[in-house]
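Structural characterization, general
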Amino acid sequence: MKLAKTFLHACLLLAATVPSTSGNPGQPFSKYPGLDLQFKVLKLPHFPQSLEEEGYLEGHVRVALDIDYAGELRDWLVLESSHPAFTQSLERVIEDWRFTAPYLNGENKSIVTELGIQFRSEGNVVSMTSVASALNRRFNDLTGYGSRYSGLSSIKDLDTPPYPISQEPPSVPEELIEKYDGSRAVFTFYVDEAGQVRIPVLSQTDGDPDVLMLLAAQDAIAQWRFEPPTQNRKPVKIQLSQTFVFKK
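Keep in mind that what you see is a predicted model, and the values were worked out from it rather than measured. (Residues numbered from 1 in each chain as written. Predicted model: local features only at pLDDT ≥ 70, side-chain atom pairs only at ≥ 80, totals over all residues. Heavy atoms only, no water.)

1. Examining the overall build of the protein
Our working definition: Helix and strand definitions follow DSSP, with helices as H or I runs of at least four residues and strands as E runs of at least two, each counted in order from the N terminus. Note on exposure labels: buried denotes an accessible area under 20% of the residue type's maximum, exposed denotes more than 50%, and partly exposed covers the range between, all computed with a 1.4 Å probe on protein chains only. Contact criterion: two residues are considered in contact whenever any of their non-hydrogen atoms come within 4.5 Å of each other. All accessibility values rest on the Shrake-Rupley procedure with a 1.4 Å probe; residue burial counts only the protein chains present in the view.
Per the secondary structure count, the protein includes five helices and 19 strands. Out of the 248 residues in the protein, the part that is buried amounts to 46%. A sequence separation of at least 24 residues applies to 73% of the contacts in the protein between residues at least 6 apart. Carbon and sulfur atoms make up 49% of the accessible area of the protein, which amounts to about 12,700 Å² in all.

2. Side note on the packing of aromatic side chains
The condition that has to hold: Centre distance within 6.5 Å is the pairing criterion for rings of Phe, Tyr and Trp, where only the six-membered ring of Trp is used; planes under 30 degrees apart are then read as stacked, over 60 as edge-to-face, and the remainder as tilted.
By the definition in use, this model includes nine aromatic pairs. Summarising the aromatic geometry, the rings of Phe189 and Trp224 are spaced 6.3 Å apart at their centres and angled 85° between planes, so their arrangement reads as edge-to-face. Taken as a pair, Phe189 in strand β14 (residues 183-191) and Trp224 in the loop between α5 (211-223) and β16 (225-226) lie far apart in primary sequence, 35 residues in all. Residue Trp224 is classed as buried on the basis of its relative accessible area of 3%. Here the aromatic residues Phe187, Phe189, Trp224, Phe226, Phe244 and Phe246 are joined through ring pairs into a cluster of three or more.

3. Observations regarding α5
Threshold: In this analysis, the expected span of each helix is defined as 1.5 Å times one less than the number of residues it contains.
With 13 residues, α5 extends 19 Å between its outermost C-alpha atoms, agreeing within 8% with the 18 Å of an ideal straight helix rising 1.5 Å per residue. Along α5, the residues that are buried comprise Met213, Leu214, Leu215, Ala216, Ala217, Gln218, Ala220, Ile221 and Ala222. Contacts from the buried residues of α5 go to α4 (174-179), β14, β15 (197-206), β16 and β19 (238-246).

4. Some points on the nonpolar core
In plain terms, the rule: The term nonpolar core refers to a set of buried residues drawn from Ala, Val, Leu, Ile, Met, Phe, Trp, Tyr and Cys, joined through side-chain atoms within 4.5 Å.
In this structure, Val63, Leu65, Leu90, Ile94 and Trp97 are the most contacted members of the largest nonpolar core, which totals 26 residues. Broken down by element, the residue count for this core peaks at five residues, all from helix α2 (residues 84-94). Aside from chain neighbours lying at most four places away, what touches Val63 is Trp76, Leu77, Val78, Leu79, Leu90, Ile94, Thr113, Glu114 and Leu115. Core analysis: the next-biggest nonpolar cluster, separate from the first, contains 24 residues, Val197, Ala217, Phe226 and Phe246 among them.

5. Looking at the side chain of Ser82
Rule in force here: Each polar contact in these results corresponds to two N or O atoms within 3.5 Å; when the atoms are within protein, one needs to be able to donate a hydrogen and the other to accept it, and residues that are neighboring in sequence are counted only if both atoms are side-chain atoms.
Mapped onto the fold, Ser82 is located in the loop between β6 (73-81) and α2. Within the structure, Ser82 has its side chain in polar contact with the backbone nitrogen of His60 (distance 2.9 Å).

6. Details of the confidence of the model for the protein
Quick note on the threshold: Confidence per residue, as judged by the predictor, is encoded in pLDDT with a range of 0 to 100.
When the pLDDT values of the protein are averaged, the result is 80; 77% of them are 70 or greater. For the protein, the element scoring lowest by mean pLDDT is helix α3 (residues 130-142), at 42; β16 scores highest, at 98. The low-confidence segment residues 1-28 (pLDDT under 50) makes 88 contacts with residues lying over four places distant or belonging to another chain. Confidence drops under pLDDT 50 across residues 126-146; counting only partners more than four residues distant or on other chains, this segment forms 35 contacts.

7. Focus on the sheet that holds strand β8 (residues 103-104)
Defined as follows: Two strands qualify as a pair provided DSSP detects at least 2 bridges between them.
Taking strand neighbours across the sheet as the criterion, the three strands line up as β3-β8-β9 in an open arrangement whose pairing is antiparallel. Two strands bound the open sheet, and with one partner strand each, they are β3 (35-36) and β9 (107-108).

8. Description of the pairing of strand β10 (residues 111-120)
Taking burial as the measure, the ten residues of β10 include eight buried ones, the bulk of the element. The pairing of strand β5 (residues 58-67) with β10 spans ten bridges and is antiparallel. Note on β10: the bridge partner recorded for Val63 is Leu115.

9. Considerations on α2
When we look at burial in α2, the residues that qualify are Ala85, Phe86, Thr87, Ser89, Leu90, Val93 and Ile94. The inward-facing, buried residues of α2 abut α1 (49-54), β5, β6 and β10.

10. Things to note about the sheet that holds β14
Rules: Axis definition: a line fitted to C-alpha atoms, limited for helices to the stretch in contact. Angles are taken between N-to-C directions and run from 0 to 180 degrees.
Taken together, three strands build an open sheet; the order of strands is β15-β14-β19 and the sheet is antiparallel. Edge positions in the sheet fall to β15 and β19, since each has one partner strand and no second. Recorded for the sheet is a direction-independent mean angle of 20° between the axes of neighbouring strands. By the bridge criterion, nine bridges tie β14 to β19 in an arrangement that is antiparallel. Paired with Val191 across the bridge in β19 is Ile238.

Set out below in structure tokens:
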């Protein structure tokens with residue numbers, strides 16, 4: 001994972017689609033209006049042979065991507081997978097992905113987005129919607145292939161509430177707090193199975209806080225650590241949010 005100062009651009013959350021023919025450079029990454037982002041290098045994952053031999057017909061993975069101003073894949077995290085073998089197939093190729101510099105309405109921005117990938121036993125990899133994801137999981141459940149599914153866990157289903165073991169507050173200059181007294185910023189982020197914070201994203205502001213205040217808050221969150229979250233005594237991933245109110 002690579003950290004960078006990514007507060008404003010990171011609040012751009014886009015739904016991405018990748019057609020099965022998207023292995024070539026120049027393929028559009030998303031149909032989001034005004035977004036210019038393309039793959040420069042895209043190695044497609046393959047349907048795991050071991051699952052094909054077990055009778056699996058299809059599967060899916062949903063992954064969060066953090067892409068910086070230059071198109072570098074700064075961080076990524078699998079949010080949902082119908083089987084660990086599909087996750088492993090993606091892991092073997094994702095570090096080789098390369099993107100063009102993202103532009104939104106002509107302005108160079110970094111983005112955080114989610115990408116859904118559907119696997120089919122004939123070897124194709126196609127885009128999928130959230131509805132398709134739900135249908136796919138239901139199909140595997142009905143055919144007996146749902147037992148290896150993994151995804152984000154709900155806080156209410158954890159064995160114990162999320163417990164921070166390192167949570168230093170942001171270091172913000174006093175003069176900025178006085179100038180923007182009462183301003184507010186909300187960040188969302190993931191906590192992985194090891195308790196590490198991943199992909200902190202600015203999701204909301206009130207009172208127009210200064211850029212340096214937002215940077216300080218995001219940098220602080222990126223250093224936080226939690227007790228590894230567990231559900232039924234097994235490590236899991238969760239999503240949390242944190243609100244900062246900058247007051248004198």
